[in-house]
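Letter by letter, the chains look like this.
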Amino acid sequence: MTTSAETPEAVTAAVTAAVTTAAPEAVPAAVRARVPVTLSRVRGRSADLITFHHLPDPGEHFAVLVPAAPADTAPPLVRLHSECLTGDVLGSARCDCGPQLDEALRAIADHGGAVLYLRQEGRGIGLYNKLDTYVLQSQDHDTFAANRMIGRGDDERDYAAAAAMLHALGLTRIRLLTNNPDKVRELRTYGIEITEVIPTGVYVTAENSRYLSAKAELAGHTIALLQEAAA
C-alpha cells in the first residue's frame, strides 16, 4: 500500500517547495537602454550613455561608451570612476576626481572605450558623510581616519557592479586607467582580463596634497612622482 508521502501529488509538492525556497541564481546584467549624446567633454564626439538591468546593487550606475576607430585593434580603454559631485561637478580642489574624469573622457575620445560612472560617492559612504569627513580632515585627520571617526570603513566600495556592466557590454578584455590596485584585483576576480594598467596623471593642489599622500601611502595607490609634483 502506498503512503500519502509517496503519492505523485506529494512528490510534486515536495519538489515545488524545494524550488521555491532555494536561493535564486544570479541573473546576468543586461543593457537597459543606449542613449546617443554629443558630449563637449569628449571633444564633441557622439557617445552612448548606457544603463543596465540586474546589476548586483541598487545604484544607478551607467557607462559612457565611445567606439574605437576601426583600425584601432588595442583592447578598449576603461576607467571605473566613482561619483564625486564636489569634484566632478563643482570642481573642488579637495580631491583629484574632476581632473581624473576629464582625463578619462579625453582618453576614450582618442582611443575608444568606456567610463563606468559608479554611484559610490565618498568611497561608498555618501555625500553628506563625505562632507562630514571634510570637517575632520580640516582638523588634521587623514581621509581614511576621518571615515573611521564617523563609524564608516576606509573604503566601502566594491566593483561587482562594474564587472557586471563590462560583461553586459562584452568588454571582458580591457586596458584599465587607474591608480587603484583594488580595482585591478577585483575586476580580475570577476573574470575581466586586464592587459595593461595605465596610471592617471597626478593632479596636486595645495588643498589635496595630503589627501593624495594618504591614498599613496595608506591605500597603495600608484600615484607616480607625488613628492616631485607637490614640490
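Note that the coordinates shown come from a computational prediction; the quantities given were computed from them, not determined experimentally.

Q: Lay out the pairing of strand β6 (residues 173-177) with the relevant residues and their values.
A: Counting buried positions over the five residues of β6 gives four, a clear majority of the element. Direction of pairing for strand β4 (residues 77-82) relative to β6: parallel, over a ladder of two bridges. Across the sheet, Leu-77 pairs through a bridge with Arg-175, a residue of β6. Judged from the five bridges that link them, β6 and strand β7 (residues 193-198) form a sheet pairing that is parallel.

Q: Please provide a residue-by-residue account of helix α3 (residues 97-111), values included.
A: Between its terminal C-alpha atoms α3 stretches 21 Å, which fits the 21 Å expected from 15 residues at 1.5 Å a residue. Buried residues of α3: Cys-97, Gly-98, Gln-100, Leu-101, Glu-103, Ala-104, Leu-105, Ala-107, Ile-108 and Ala-109, and no others. Positive phi appears at Gly-112, one or two residues downstream of α3, with a value of about 85 degrees.

Q: Describe the side chain of Gln-100, naming the residues involved and giving the relevant values.
A: Mapped onto the fold, Gln-100 is located in helix α3. At 3.0 Å, the side chain of Gln-100 and the side chain of Thr-200 are in polar contact. Not counting chain neighbours up to four residues away, the residues in contact with Gln-100 comprise Arg-79, His-81, Asn-179, Thr-200 and Tyr-203.

Q: Tell me what's going on with the pattern of salt bridges, and back it up with residues and numbers.
A: For the structure shown, the criterion picks out ten salt bridges. Residue Asp-102 is joined to Arg-41 by a salt bridge in which the shortest nitrogen-to-oxygen separation is 2.5 Å. Taken together, the residues span a long stretch of sequence, with Asp-102 in helix α3 and Arg-41 in the loop between β1 (30-39) and β2 (45-53) at a distance of 61 residues. For Glu-121, the salt bridge is made with Lys-130, and the minimal N-O distance between the two is 2.5 Å. Here Glu-121 falls in the buried class, since its relative accessible area comes to 7%.

How each quantity is defined
Residues numbered from 1 in each chain as written. Predicted model: local features only at pLDDT ≥ 70, side-chain atom pairs only at ≥ 80, totals over all residues. Heavy atoms only, no water. Buried < 20%, exposed > 50% of the residue type's maximum accessible area, 1.4 Å probe, protein only. Helix = DSSP H or I, 4+ residues; strand = E, 2+ residues; numbered from the N terminus. Pairing = 2+ DSSP bridges. Expected span 1.5 Å × (residues − 1). Polar contact = N/O pair within 3.5 Å; in protein donor to acceptor, adjacent residues only side chain to side chain. Contact = heavy atoms within 4.5 Å. Salt bridge = Lys/Arg side-chain N within 4 Å of Asp/Glu carboxyl O.

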